[in-house]
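Reading the structure
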Amino acid sequence: MTFSGSSANRASWAVAFAGALVAAVAASTDVTVPLSIELPDNPTAGARVFVEKNCVRCHGFGTEEARVGPDLGRIRFRGTVLDLAGVFWNHAPVMREKMADYKIVMPTLDTHEMADLVAFLTAYRYYLTEIGQSGNPAAGRAVFEAKGCPTCHATSGATTFDKPGPRLDRYKGQYSAIVLAQAMWNHSPEMSSVMRGRGVPFPRLTGKELADLLAYLQAGNVSGSGDRVYFEPGSPRRGRELFASKRCVACHSIAGVGGKGGPDLGLRPQELVGSVSSVAALMWNHSQAMGAEFARRGVPRVTFSGGEMADIIAYLYFVNYASVRAKPERGGVLFVDKCSPCHSIGGGQQVGPDLKTAPGLDEPLGIMSAMWNHSPAMEQELRKHGLQWPRLETGDAADLTAFLLSRRK
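Everything numeric here is computed off the predicted structure, so don't read it as measured data.

Notes on the confidence of the model for the protein chain
Across the protein chain, the average pLDDT comes to 84, with 85% of residues at or above 70. At the level of individual helices and strands, the protein chain shows its lowest average pLDDT in helix α1 (residues 7-27), which scores 47, and its highest in helix α17 (residues 396-408), which scores 96. Considering only residues more than four positions removed or in separate chains, one finds that residues 22-28, a stretch of pLDDT under 50, has 3 contacts. Counting contacts from residues 221-226, a segment whose pLDDT is below 50, to residues more than four positions away or on other chains yields 6 contacts.

Quick word on the packing of aromatic side chains
Applying the stated criterion across every chain, the model contains 10 aromatic pairs. When the ring of Phe88 is compared with that of Trp372, the centres are 6.2 Å apart and the planes differ by 65 degrees; the resulting orientation is edge-to-face. Taken together, the residues span a long stretch of sequence, with Phe88 in helix α3 (residues 81-101) and Trp372 in helix α15 (residues 364-373) at a distance of 284 residues. Through a chain of ring-to-ring contacts, the aromatic side chains of Tyr317, Phe318 and Tyr321 assemble into a single cluster. The ring of Trp185 is capped by Arg301, whose NZ or CZ atom sits 4.4 Å from the centre of that ring.

Topic: the nonpolar core
Membership of the largest hydrophobic core comes to 106 residues, with the highest contact counts inside it found for Leu82, Val118, Leu121 and Ile313. If you tally residues by element for this core, the top one is helix α13 (residues 308-321), at 11 residues. Setting aside anything within four residues of it in sequence, one finds Val118 in contact with Val81, Leu84, Phe88, Tyr321, Leu365 and Met368.

Description of the environment of Lys260
Within the secondary structure layout, Lys260 lies in the loop between β3 (257-258) and α10 (269-272). Here Lys260 falls in the exposed class, since its relative accessible area comes to 62%. Sequence separation between Lys260 and Ala250 is 10 residues; the distance between their C-alpha atoms is 7.7 Å. Excluding anything up to four places from it in sequence, Lys260 contacts Ala250, Cys251 and Ser253. A polar atom in the side chain of Lys260 sits 3.2 Å from the backbone oxygen of Gly256.

Rules behind the numbers
- Residues numbered from 1 in each chain as written.
- Predicted model: local features only at pLDDT ≥ 70, side-chain atom pairs only at ≥ 80, totals over all residues.
- Heavy atoms only, no water.
- pLDDT = per-residue confidence, 0-100.
- Helix = DSSP H or I, 4+ residues; strand = E, 2+ residues; numbered from the N terminus.
- Contact = heavy atoms within 4.5 Å.
- Phe/Tyr/Trp six-rings, centres within 6.5 Å; stacked < 30°, edge-to-face > 60°.
- Lys NZ or Arg CZ within 6 Å of the ring centre and 35° of its normal.
- Core = buried A, V, L, I, M, F, W, Y, C linked by side-chain atoms within 4.5 Å.
- Buried < 20%, exposed > 50% of the residue type's maximum accessible area, 1.4 Å probe, protein only.
- Polar contact = N/O pair within 3.5 Å; in protein donor to acceptor, adjacent residues only side chain to side chain.

Shown next, in the form of structure tokens:
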């Protein structure tokens, strides 16, 4: 990146550009547009980037070991993928300074590496039940009893095994959150029928209750092995294909595209950007209503096998994380305030390059990687001209991206 232009020229250009842009923004409508962000195929691929780019030198990831920077596995990155870009940007000067202290060369990231890294950082919430905050077996036993599970299932210590459901002690130590979620979903029609016959109310579960129940079922092992069963996070891209092939799309839409019988599952970040247990509990709680809808439409009930449940839940998680809507007009106002002292859009090179013609800025994650790669040069120029590092609040990175992409078109 090169920088040029006198202070007087930059100031006069910025004033003229700001006036024209503010006038254009004021005359436009406050429209919201979607930003296209590709779903990851393997959410854990960024672990390699995390190590190879020396992020691990300063940051832990769900460990107890003290590091220079915060443990990124214990931070809940709120918002969308582009809000995570804002976090990267806001902390770039501090990170650069610490890397200089420890003689670490600041890494560069191409678009694919950035995509893998941000997917890896956000996947922790999804995988939380397995590695970060395991459930409480004692609380899980209380859930097991309170929800009426002993009416149909026997566990270790039971005096009778004459019950309609399978004995669960044989599976102790063999459950993962996905295995439990898939088994419950596939057998929910039979379970509902038996519960109605025995006068047991259909149990609704929170994500925490399901995590505690899982911990209770995992406690101990009949075979004597202490090994726990884990699962691969699943592929959001395969989950997208399953969402279509299993005809979920006949009842549910994703960001407005699809059926209208059920809720839009691409606009529910508060519910679906969470742990596997929380997403699985949500599916379980609605399984009776969905079963009734299958019957009403005369279509076979959807079941899952192998790794399909992992892929579906990964898709529902990441499609909400990557579903970004932004306001380009607001981004124009932000550009004037935070970027125009150094950059133009179609006005030629100023201190920094003209962002309308600069290469590699035609997709959101490409813009994110460019911001990171050029942050040392940007910081140097800002200090030289007595300007403060511009901070990005929630939504700012998305709106700025939408504005930039609209001008590049």
